[in-house]
Amino acid sequence: QVQLVESGGGLVQSGGSLRLSCAASGRIFSIDVMGWYRQAPGKQRELVATLHSGGTANSADSVKDRFTVSRDNANNTVYLQMNSLKPEDTAVYYCNAVVRTTLSPARFMYWGQGTQVTVSS
């Protein structure tokens with residue numbers, strides 16, 4: 001019903017920058033929250049940053065002042081600008097969205113397929 005497609009991952013040196021994008025498509029009525037989570041090898045998936053449609057942002061302490069989440073509500077797209085990257089930022093980054101579809105007033109959570117970000121030291 002809803003698809004999330006990520007792009008922008010890759011390999012970067014420590015101190016570098018990357019920008020991730022995620023576009024949502026399908027039977028979308030509205031999107032309450034869009035954002036990013038990540039999962040490093042051997043670790044649990046964790047919150048990176050999310051942005052509510054009303055503008056409220058939430059981000060992990062480990063990425064504050066380095067990562068910025070933004071949204072293009074008209075195009076159902078969320079971005080993650082990552083600056084001053086560190087080796088410990090290496091992980092698979094997953095796009096996440098809480099969506100009200102055109103089929104029901106209920107909200108459902110959707111995930112993208114993930115994009116690899118690797119930061120070399």
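Anything mentioned here points back to the structure above.
Everything numeric here is computed off the predicted structure, so don't read it as measured data.

**Student:** Account for the nonpolar core, naming residues and giving values.
**Tutor:** By size, the foremost hydrophobic cluster in this structure holds 31 residues, and its most contacted members are Trp36, Leu80, Met82 and Tyr93. Contributing elements (two or more residues each) for this core: strand E1 (2-7), strand E3 (18-26), strand E4 (28-39), strand E5 (46-52), strand E7 (67-72), strand E8 (77-82), strand E9 (91-101) and strand E11 (115-120). Counting residues per element, this core draws most heavily on E9, which supplies five residues. Each residue touching Tyr93, except ones within four places of it in the same chain, is listed here: Glu6, Leu20, Trp36, Tyr37, Arg38, Val48, Phe67, Leu80, Met82, Gly114, Thr115 and Val117.

**Student:** Hey, could you go over the sheet that holds E3 for me, with residue numbers and the actual values?
**Tutor:** Taken together, the four strands give an open sheet; going across it, the order is E1-E3-E8-E7, and neighbouring strands pair in antiparallel fashion. Strand pairing shows two members of the sheet lacking a second neighbour, E1 and E7, which therefore form its edges. Geometrically, the sheet is characterised by an average inter-axis angle of 15° between neighbouring strands, direction not taken into account. Taken together, the six bridges between E7 and E8 define a ladder with antiparallel strand orientation. Bridging from a neighbouring strand, Val69 pairs with Leu80 of E8.

**Student:** Help me get a handle on the pairing of E4, residues and values and all.
**Tutor:** The sheet contact formed by E4 and E9 spans 10 bridges and is antiparallel. Looking at the pairing, Ser30 lines up with Arg100 of E9. Relative to E5, E4 runs antiparallel, the two sharing six bridges. In the strand pairing of E5, Val33 is matched with His52.

**Student:** I'd like to hear about the state of the cysteines, residue by residue, with values.
**Tutor:** Overall, the coordinates contain one disulfide when judged by the stated rule. Residue Cys22 pairs covalently with Cys95 via a disulfide, S to S 2.0 Å. With the S-S dihedral at roughly -80°, the linkage between Cys22 and Cys95 falls on the left-handed side. Taken together, the residues Cys22 in strand E3 and Cys95 in strand E9 connect sequence positions 73 residues apart.

**Student:** Just give me the short version of the side chain of Thr115, but keep the residues and values in it.
**Tutor:** Residue position: Thr115 is located in strand E11. The class of Thr115 is buried, set by a relative accessible area of 12%. Side-chain polar atoms of Thr115 contact the backbone nitrogen of Gly9, separated by 3.4 Å. Dropping the residues within four chain positions of it, Thr115 is found in contact with Glu6, Gly9, Leu20, Ala91, Val92 and Tyr93.

**Student:** So what about unusual backbone geometry? Which residues, and what values?
**Tutor:** With phi around 50°, Asn76 is a residue other than glycine that occupies positive phi space. Within the secondary structure layout, Asn76 lies in the loop between E7 and E8. Positive phi, close to 50°, is recorded for Ser84, a residue that is not glycine. Tracing the backbone shows Ser84 in the loop between E8 and E9. Residue Ser84 is classed as partly exposed on the basis of its relative accessible area of 41%.

Quick notes on the rules
Residues numbered from 1 in each chain as written. Predicted model: local features only at pLDDT ≥ 70, side-chain atom pairs only at ≥ 80, totals over all residues. Heavy atoms only, no water. Core = buried A, V, L, I, M, F, W, Y, C linked by side-chain atoms within 4.5 Å. Buried < 20%, exposed > 50% of the residue type's maximum accessible area, 1.4 Å probe, protein only. Helix = DSSP H or I, 4+ residues; strand = E, 2+ residues; numbered from the N terminus. Contact = heavy atoms within 4.5 Å. Pairing = 2+ DSSP bridges. Axes fitted to C-alpha atoms, helices over the stretch in contact; angles between N-to-C directions. Disulfide = S-S within 2.5 Å. Polar contact = N/O pair within 3.5 Å; in protein donor to acceptor, adjacent residues only side chain to side chain.

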